[in-house]
Amino acid sequence: MTEEKIKQHTRQVLKSFSKKKGNLIPILQRVQGRLGYLPREAMLEVAEFLGLPPIHVYGVVTFYNQFRLNPPGKHSVRVCLGTACHMKGGYITLDAWKRRLSIGAGETTTDREFDLDTVACVGCCVMAPVTVLDEKPMGKVDPTKVDGLLLAFEREREGKKKQ
Ligand code: FES
């Protein structure tokens with residue numbers, strides 16, 4: 001999406017808000033809902049609209065886990081790091097995803113196939129460690145399962161190409 005398009009979408013969102021500083025988070029949520037993430041140009045538009053320093057807006061975006069600085073991938077990978085998953089090696093699973101996808105948490109692969117992030121407890125602790133793939137919680141995802149899950153995505157992709 002071009003810078004101009006990003007600005008247009010952001011300005012469209014801003015039309016339904018007053019210039020109250022307390023609107024910052026709802027505005028950011030709405031802009032992200034529209035763009036899928038919060039690019040630099042959108043944050044600058046929001047900062048100008050509310051009369052806030054851009055660094056303040058950036059600080060809020062990076063503070064809250066709900067906001068993304070990168071465009072989303074086609075598939076989302078969310079590694080649960082709630083207490084139960086942490087105890088069962090959630091961080092080790094996260095490392096495996098990072099290595100396999102060659103990205104860090106909060107990033108998107110260069111081919112835009114996957115984005116990776118962490119989540120707090122998703123409510124299925126008995127299946128710990130949990131990875132949520134495209135909104136679907138997968139249980140007992142230890143590092144040895146990561147390759148298999150990625151293979152399933154690759155097969156699906158190849159299957160679609162043949163159709
Ligand atoms: S801690 Fe991961 S699902 Fe509850």
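Residues numbered from 1 in each chain as written. Predicted model: local features only at pLDDT ≥ 70, side-chain atom pairs only at ≥ 80, totals over all residues.

Looking at the domain arrangement of the protein chain
In terms of domain boundaries, the protein chain breaks down into domain 1 (3-63) and domain 2 (75-162). The C-alpha centroid of domain 2 is placed 29 Å from the C-alpha centroid of domain 1. (Domains from an automatic or database assignment.)

Comments concerning the packing of helix α1 (residues 3-14) against helix α2 (residues 24-35)
Packing of α1 against α2 leaves a shortest axis separation of 10 Å and a crossing angle of 135 degrees. Between α1 and α2, the interaxial angle falls into the category oblique. Seen along the crossing, α1 lies across α2 with a hand that is right-handed. Residues Ile6, His9, Thr10, Val13 and Leu14 of α1 form the contact with α2, whose own contacting residues are Ile27, Arg30, Val31, Arg34 and Leu35. (Axes fitted to C-alpha atoms, helices over the stretch in contact; angles between N-to-C directions. Helix = DSSP H or I, 4+ residues; strand = E, 2+ residues; numbered from the N terminus. Parallel < 35°, antiparallel > 145°, perpendicular 65-115°, else oblique. Left-handed = near helix turned anticlockwise from the far one by under 90°. Contact = placed C-beta atoms within 7 Å.)

Regarding the sheet that holds strand β1 (residues 75-80)
Read across the sheet, five strands follow the order β2-β3-β1-β4-β5 without closing on themselves; strand pairing throughout is mixed. In this open sheet, the two edge strands, each paired with only one partner strand, are β2 (107-108) and β5 (136-138). Helix α6 (residues 90-101) contacts β1, β3 (114-119) and β4 (131-133) of the sheet and is inclined by roughly 150 degrees relative to β1. (Pairing = 2+ DSSP bridges.)

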